[in-house]
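Listed below are the residues making up each chain.
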Amino acid sequence: MDPAADAARRLEADPSILRFGPLSVLHAVLDVVVDAYGEAAETVRAALDRLEDRVFSSSRVDHTEDIYSLKREVREFRDAVQPLVPVLTGLLSGLAEEGRPSKVLPYFRDVSDHLHRTDTEVRTLDELLNSVLDAQQARVGTWQNDDMRRISAWAAIFAIPTMVAGVYGMNFEHMPELGWSYGYPLAVALMAVASGLLYRSFRRNGWL
């Protein structure tokens, strides 16, 4: 966007403001720039809303990179907006002290108000992004804890048949039930029942 060209079009559309001379051109340029900042803030807000929806959805996708990317854009946006705030405030004070036509001051106050609203919005967006980032990191930590619980649960389930098989795989000559015809089915049944009970317990507690 070319602020000068857009400002010229606005002046052509409202020639009455040209009665203030150079101040008319200054106001038109500032108005174009501040309006562009406001539109950019709305675009960033929409992008943040979409990002929040993805972060808090049921899918297990890490959006940390997207959050940092948008946060970097907001920081650059903030660096562009904030320096203009004291400049415009000083300009208003100077116009008032110099006794400029009172009719021109409301135009600049209107631009200043829009700029302050945009500056507040940018600060809010930055804070919201910090909150979204914290929420994303908390969700990632929760996913990792869930994964660790599942791994631990399955390890405990497989530990029982491993232990029974390990005991009866030591090949000692005198071991209980080695000569019993039902020893093997009993050992298998013991492993299956114990594993099933553990699985049911872990499912009930939300580990699986």
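Residues numbered from 1 in each chain as written. Predicted model: local features only at pLDDT ≥ 70, side-chain atom pairs only at ≥ 80, totals over all residues. Heavy atoms only, no water.

**Thoughts on the overall build of the protein chain**
The secondary structure content of the protein chain amounts to six helices and zero strands. N-terminal to C-terminal, the α/β element order of the protein chain is α-α-α-α-α-α. Buried residues in the protein chain amount to 32% of all 208 residues. Intrachain contacts of the protein chain at a sequence separation of at least 6 include 76% that bridge at least 24 residues. On the protein chain, roughly 13,100 Å² of surface is accessible, and the fraction owed to carbon and sulfur atoms is 58%. (Helix = DSSP H or I, 4+ residues; strand = E, 2+ residues; numbered from the N terminus. Buried < 20%, exposed > 50% of the residue type's maximum accessible area, 1.4 Å probe, protein only. Contact = heavy atoms within 4.5 Å. Areas by Shrake-Rupley, 256 points an atom, 1.4 Å probe, with all protein chains shown as cover.)

**Observations regarding helix H3 (residues 64-81)**
For H3, built from 18 residues, the straight-helix expectation of 26 Å at 1.5 Å per residue is met to within 8% by its first-to-last C-alpha distance of 25 Å. Restricting attention to buried positions, one finds in H3 the residues Thr 64, Ile 67, Leu 70, Lys 71, Val 74, Phe 77 and Val 81. The buried residues of H3 occupy one face: seen down the axis, they fall within an arc of 140°. Across H3 from its buried face, at more than 90 degrees, point the exposed residues Glu 65, Arg 72 and Glu 76. (Expected span 1.5 Å × (residues − 1). Arc of directions from axis to C-beta.)

**What about a nonpolar patch on the surface?**
A cluster of nonpolar side chains, Trp 154, Phe 158 and Tyr 199, forms an exposed patch at the surface whose accessible area comes to about 320 Å². Relative to the elements of secondary structure, Phe 158 occurs in helix H5 (residues 105-168). A relative accessible area of 52% means that Phe 158 is categorised as exposed. (Patch = residues over 30% accessible without salt bridge, like charges linked within 9 Å, V, L, I, M, F, W, Y side chains within 5 Å. Salt bridge = Lys/Arg side-chain N within 4 Å of Asp/Glu carboxyl O.)

**Notes on the pattern of salt bridges**
One pass over the structure, following the stated rule, counts seven salt bridges. Linking Lys 71 and Asp 126 is a salt bridge whose minimum nitrogen-to-oxygen distance equals 2.9 Å. In this pair, Lys 71 is assigned in helix H3 and Asp 126 in helix H5, connecting sequence segments 55 residues apart. Asp 126 shares its class with Lys 71; the two are buried. The partner of Arg 123 in a salt bridge is Asp 119, and the shortest N-O contact between them spans 3.2 Å. One end of the pair is Arg 123 and the other is Asp 119, both in helix H5 and four residues apart, which spans about a single turn. The class of Arg 123 is partly exposed, set by a relative accessible area of 43%.

**Thoughts on the packing of helix H2 (residues 22-55) against H3**
For the pair H2 and H3, interaxial distance at closest approach is 11 Å and the crossing angle is 160°. Here H2 is positioned roughly antiparallel relative to H3, judged by the angle of their axes. Pair H2 / H3 crosses with left-handed handedness. Where H2 approaches H3, its residues Tyr 37, Ala 40, Ala 41, Val 44, Ala 47, Leu 48, Leu 51, Arg 54 and Val 55 are matched on the opposing element by Asp 66, Ile 67, Leu 70, Val 74, Phe 77, Ala 80 and Val 81. The residue makeup of the contact of H2 with H3, split by class, is 14 nonpolar, no polar and two charged. (Axes fitted to C-alpha atoms, helices over the stretch in contact; angles between N-to-C directions. Parallel < 35°, antiparallel > 145°, perpendicular 65-115°, else oblique. Left-handed = near helix turned anticlockwise from the far one by under 90°. Nonpolar A, V, L, I, M, F, W, Y, C, P; charged D, E, K, R; others polar.)

**Some words on the confidence of the model for the protein chain**
Looking at the protein chain, the pLDDT average stands at 80 and 77% of residues meet or exceed 70. Helix H1 (residues 3-13) is the least confidently modelled element of the protein chain, averaging 64 in pLDDT, while H3 averages 91, the highest of any element. (pLDDT = per-residue confidence, 0-100.)

**Some details on the nonpolar core**
Tyr 37, Ile 67, Leu 84, Phe 108, Leu 115 and Leu 129 are the most contacted members of the largest nonpolar core, which totals 30 residues. For this core, the elements supplying multiple residues, two or more each, are H2, H3, helix H4 (84-97) and H5. The biggest single contributor to this core is H2, with ten residues. Ignoring anything within four residues of it in the chain, the contact list for Tyr 37 reads Phe 77, Ala 80, Val 81, Leu 84, Leu 115 and Thr 118. (Core = buried A, V, L, I, M, F, W, Y, C linked by side-chain atoms within 4.5 Å.)

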